[in-house]
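What follows is each chain in one-letter form.
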Amino acid sequence: MNASLVRPAAAGFLRVAHAVTDLSAPTPCAGYDVRGLLNHLLYWGPWLLAAGRREEPPVPAAAEASAGLVTADWRAALEKQTETLVDVFGAPAAWEGMTALGTAELPAAVVGDMVLGEFVLHGWDLARASGQEPQWAPEAATAVYESAVAMGDQARAMGVYGEAVAVPEGASPLERALGASGRDPAWTP
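This one's a predicted model, so the numbers in the text were calculated from it and none came from an experiment.

Attention now goes to the side chain of N2. Among the structural elements, N2 can be located in the segment before α1 (3-18). Overall, N2 belongs to the buried group, its relative accessible area being 18%. Polar contacts involving the side chain of N2 include one to the side chain of D113, which spans 3.1 Å.

Given below as structure tokens:
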């Protein structure tokens, strides 16, 4: 169980997010510039929270692409959402048993791994897009790698991950996690 990894991963994610300045910069996430990726995070965060709390999912007012959640106060909204995700998924109970993500019933630990992956993988995406060199604990990167391998085929079939990217022998845990999730660790804007 990776509940203890959530808080430090979230702190690294927020450091990166707070340093973002160019919302139009491209990211390693296909189809997303920085604004689009931030919108994605703000859109799906409430779904993850609902799953962690075993509550009904939110009823979105618009589809993700047209939600327009990156407003003047996006940093405060992202920080509040991140802190709430940490409060929920930093508790071991959120990782136990089954839950629902929308209409899909799945192990709560899978949703917890998604949250950890959002912080590490999308944190890296934002960092690369903004010229930062992010750092996450090797334990968090290893957990994200293991999760990316475990759900890789399904995530690729759903369009969540791209094709796995080969990384060199001796690659760091973060590089292995990036490659397993379809990201090229050498990506630059």
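Moving on, we get to the nonpolar core. One finds V34, L38, W74, L78, F89, F119 and L126 to be the most contacted residues of the largest nonpolar core, which totals 53 residues. Contributions of two or more residues to this core are made by α1, α2 (34-53), α3 (74-89), α4 (108-129), α5 (138-157) and α6 (173-180). By residue number, the principal contributor to this core is α4, which donates 10 residues. For F89, the residues in contact, after removing those within four places along its chain, are A3, V6, L48, G52, A94, W95, V111, G112 and V115.

The subject of this paragraph is the confidence of the model for the protein chain. On average, residues of the protein chain score 92 in pLDDT, and 99% of them are at 70 or above. Confidence scores differ between elements of the protein chain, with α5 showing the lowest mean pLDDT of 87 and α3 the highest of 97.

Turning our eyes to something else, we now look at the side chain of H40. Its location among the elements puts H40 in helix α2. On the basis of relative accessibility, which here comes to 12%, the residue H40 falls in the buried class. Discounting chain neighbours no more than four positions away, the residues touching H40 are Y32, E64, E118 and H122.

With that settled, the discussion passes to the environment of T103. Within the element layout of this structure, T103 appears in the loop between β1 (98-101) and β2 (104-107). C-alpha separation for the pair T103 and L69, spaced 34 residues apart in sequence, amounts to 23 Å.

Orientation of α2 relative to α3, taken along the N-to-C sense of each, is 25 degrees, at an axis distance of 10 Å. Taken together, the axes of α2 and α3 lie roughly parallel to each other. Seen along the crossing, α2 lies across α3 with a hand that is left-handed. Contact residues: L38, L41, L42, G45, P46, L48, L49, G52 and R53 in α2; W74, A77, L78, Q81, T84, L85, V88 and F89 in α3.

Now for α6. Along α6, the residues classified as buried are L174, A177, L178, G179 and A180. Buried residues in α6 make contact with α4 and α5. Just downstream of α6 lies G182, where phi reads positive at about 90 degrees.

What follows concerns the pattern of salt bridges. Within the structure shown, the criterion is met by 2 salt bridges. Here D125 and R183 are joined by a salt bridge, their closest N and O atoms 2.8 Å apart. Residue D125 is located in helix α4, and its partner R183 is located in the segment after α6; the two are separated by 58 residues in the primary sequence. For the pair D125 and R183, one class covers both residues: buried. Of the charged contacts, one joins E133 and R128 as a salt bridge, the two residues approaching to 3.7 Å between their closest N and O atoms. Given a relative accessible area of 62%, E133 falls into the exposed group.

This part covers the packing of aromatic side chains. Considering all chains together, one arrives at 3 aromatic pairs under this definition. Relative to W44, the ring of Y43 has its centre 5.1 Å away and its plane inclined at 75 degrees; by these criteria the two rings are edge-to-face. Owing to a relative accessible area of 31%, W44 belongs among the partly exposed residues under this scheme. For the pair W44 and W47, a centre-to-centre distance of 5.2 Å together with 50 degrees between the ring planes defines the contact as tilted. On the criterion of helical spacing, the pair formed by W44 and W47 is a turn pair, its members being 3 residues apart in helix α2. Judged by its relative accessible area of 15%, W47 is buried. Among the aromatic residues, those joined into a cluster by ring pairs are Y43, W44 and W47. Its guanidinium or amino end placed over the ring of Y145, R176 lies 5.2 Å from that ring's centre, counting from NZ or CZ.

What counts as what
Residues numbered from 1 in each chain as written. Predicted model: local features only at pLDDT ≥ 70, side-chain atom pairs only at ≥ 80, totals over all residues. Heavy atoms only, no water. Helix = DSSP H or I, 4+ residues; strand = E, 2+ residues; numbered from the N terminus. Buried < 20%, exposed > 50% of the residue type's maximum accessible area, 1.4 Å probe, protein only. Polar contact = N/O pair within 3.5 Å; in protein donor to acceptor, adjacent residues only side chain to side chain. Core = buried A, V, L, I, M, F, W, Y, C linked by side-chain atoms within 4.5 Å. Contact = heavy atoms within 4.5 Å. pLDDT = per-residue confidence, 0-100. Axes fitted to C-alpha atoms, helices over the stretch in contact; angles between N-to-C directions. Parallel < 35°, antiparallel > 145°, perpendicular 65-115°, else oblique. Left-handed = near helix turned anticlockwise from the far one by under 90°. Salt bridge = Lys/Arg side-chain N within 4 Å of Asp/Glu carboxyl O. Phe/Tyr/Trp six-rings, centres within 6.5 Å; stacked < 30°, edge-to-face > 60°. Lys NZ or Arg CZ within 6 Å of the ring centre and 35° of its normal.

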